[in-house]
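The chain contents come next:
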Amino acid sequence: MSDDQTPVDSKLTSSKRRWASEGKFLTGRITRPEAERLPPGQHLVKNWPVLDLGQQPVISTESWRLEVRGLVETTLTLTWGDFQAIGQSTRVSDIHCVTTWSRYDNKWKGVSTRDLLDRAMPKPQAAYVMLTSYDGYTTNLPLADFAADDAILATSWEGLPLTPEHGGPMRLVVPHLYFWKSAKWLRRIELIAADEAGFWEKNGYHMHGDPWREQRYSDD
Ligand SMILES: Nc1nc2c(c(=O)[nH]1)N[C@H]1C(S)=C(S)[C@@H](COP(=O)(O)O)O[C@H]1N2
Ligand SMILES: [Mo]
């Protein structure tokens, strides 16, 4: 017991209440008219192209770990089993890659980013996330986008385990941003107060990457 006599438990409860009541992160499902489903400058594909830095790490679920750290109440290092135990969600969403291809109706299964954040509990100052992957890739996005209702830490696509080339055993999917924000082979989620540039963002890509506003490059 600390000298202010606050049990750890009631601290957690109050931060959970704050998290739940803080409307700014709870953006809800983004709905758009069907005519606006395909963002400007995009074309549809039926296949699913593979794009990455060219190094596809192979990670067994035994050696896999996911870290959540930075501005959180509870730092997490999860094993595959711990991660699965958070509970499974499904989402169906569209992919929009900055290289102009889009692919509709992808069925994902995994852990919703919100369910993961509920375990770590973001501190009030947390406003952005920096993601780091097993291939050394990094990317940044606002916490509100990471915590969007559509966002999922996917382990399965169309009913099959996510293949290594597409980021298996686990990748992020944030469908309302360009796909470079959706880190494959995700290993670390760091909550930070001020935005920092990840790999492509340092190389001229946009800090936010909203496809409907064509935020492709930093000067867009
Ligand atoms: N770890 C990691 N994640 C990554 C990348 C990468 O190189 N490494 N490339 C990004 C880019 S630019 C795109 S378009 C998508 C491609 O995902 P896909 O190969 O499953 O289509 O992954 C994103 N996530
Ligand atoms: Mo990309």
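Before reading on, note that the structure itself is shown above.
Only a predicted model underlies this, so the values are computations on that prediction, with no experimental measurement involved.

### Digging into the environment of Arg 188
No. 1: The residue Arg 188 is located in strand 11 (residues 186-192) in this model.
No. 2: Expressed as a C-alpha distance, the spacing of Arg 188 and Thr 138, which sit 50 residues apart in the sequence, is 9.4 Å.

### A word on the site of ligand 1
No. 1: Looking at ligand 1, there are 20 residues lining it, with Pro 49, Asp 135, His 166, Arg 171 and Lys 184 nearest.
No. 2: At a separation of 3.3 Å, a nitrogen atom of ligand 1 approaches a polar side-chain atom of Ser 133.
No. 3: His 166 places a side-chain nitrogen or oxygen 2.6 Å from an oxygen atom of ligand 1.
No. 4: Starting from 540 Å² of accessible surface for ligand 1 in isolation, the protein chains cover 98%.

### Quick notes on the sheet that holds strand 3 (residues 76-78)
No. 1: Judged by pairing direction, the sheet is mixed, and its five strands sit side by side in the order 3-2-11-6-7 without closing on themselves. With partners counted over all chains shown, the strands left at the sheet margins are strand 3 and strand 7 (138-142), one partner each. With direction set aside, neighbouring strand axes in the sheet form an average angle of 15 degrees.
No. 2: One ladder, built from five bridges, connects strand 6 (residues 128-133) with strand 7; its direction is antiparallel. Counted as the bridge partner of Leu 131 is Thr 139 from strand 7.
No. 3: Its contacts with the sheet put helix 3 (residues 113-120) on strand 2 (66-70), strand 3 and strand 11, and the angle it makes with strand 3 is roughly 125 degrees.

### Notes on the pairing of strand 8 (residues 152-157)
No. 1: With five of six residues buried, strand 8 is to be regarded as a mostly interior element.
No. 2: Alignment of strand 5 (residues 101-112) against strand 8, held across five bridges, turns out to be antiparallel. Across the sheet, the residue bridging to Val 111 is Leu 153, located in strand 8.
No. 3: Of the strand pairs in this sheet, strand 8 and strand 10 (residues 171-173) are connected by three bridges, and their pairing is antiparallel. When the sheet's bridge partners are listed, Ala 154 is paired in strand 10 with Arg 171.
No. 4: Bridge count for strand 8 against strand 9 (residues 160-161) is two bridges, and the pairing is antiparallel. When the bridges of strand 9 are listed, Trp 157 appears paired with Leu 160.

### Points about the packing of aromatic side chains
Working definition: an aromatic ring pair is given by the centre-to-centre distance plus the angle between the planes.
No. 1: All told, the structure shown has twelve aromatic pairs when counted by the stated rule.
No. 2: Consider the rings of Trp 48 and Trp 157, whose centres lie 4.7 Å apart with planes at 40 degrees: the pair is tilted. Within this pair, whereas Trp 48 is found in the loop between strand 1 (43-44) and strand 2, its partner Trp 157 is found in strand 8, the two being separated by 109 residues in sequence.
No. 3: For the ring pair Trp 180 and Tyr 205, a centre distance of 4.7 Å and an interplane angle of 70 degrees mean the geometry is edge-to-face. Taken together, the residues span a long stretch of sequence, with Trp 180 in the loop between strand 10 and strand 11 and Tyr 205 in the segment after helix 5 (199-202) at a distance of 25 residues.
No. 4: Its relative accessible area of 7% is what places Trp 180 among the buried residues.

### A closer look at the pattern of salt bridges
No. 1: Scanning the model with the defined rule gives eleven salt bridges in all.
No. 2: Across the salt bridge formed by Glu 67 and Arg 69, the nearest N and O atoms sit 3.3 Å from each other.
No. 3: Take Glu 67: its relative accessible area is 22%, and that puts it in the partly exposed class.
No. 4: In this structure, the salt-bridge partner of Arg 91 is Asp 149, at a minimum N-O distance of 3.8 Å. Of the two residues, Arg 91 sits in strand 4 (residues 89-96) while Asp 149 sits in the loop between helix 4 (143-146) and strand 8, which places them 58 residues apart along the sequence.
No. 5: Its relative accessible area of 14% is what places Arg 91 among the buried residues.
No. 6: Members of the salt-bridge network, linked through shared partners, are Glu 34, Arg 37, Asp 94 and Asp 105.

### Observations concerning the pairing of strand 11
No. 1: One ladder, built from four bridges, connects strand 2 with strand 11; its direction is parallel. When the bridges of strand 11 are listed, Val 68 appears paired with Ile 189.

Cut-offs and rules
Residues numbered from 1 in each chain as written. Chains lettered and ligands numbered in written order. Predicted model: local features only at pLDDT ≥ 70, side-chain atom pairs only at ≥ 80, totals over all residues. Heavy atoms only, no water. Helix = DSSP H or I, 4+ residues; strand = E, 2+ residues; numbered from the N terminus. Near = heavy atom within 4 Å. Polar contact = N/O pair within 3.5 Å; in protein donor to acceptor, adjacent residues only side chain to side chain. Areas by Shrake-Rupley, 256 points an atom, 1.4 Å probe, with all protein chains shown as cover. Pairing = 2+ DSSP bridges. Axes fitted to C-alpha atoms, helices over the stretch in contact; angles between N-to-C directions. Contact = heavy atoms within 4.5 Å. Buried < 20%, exposed > 50% of the residue type's maximum accessible area, 1.4 Å probe, protein only. Phe/Tyr/Trp six-rings, centres within 6.5 Å; stacked < 30°, edge-to-face > 60°. Salt bridge = Lys/Arg side-chain N within 4 Å of Asp/Glu carboxyl O.

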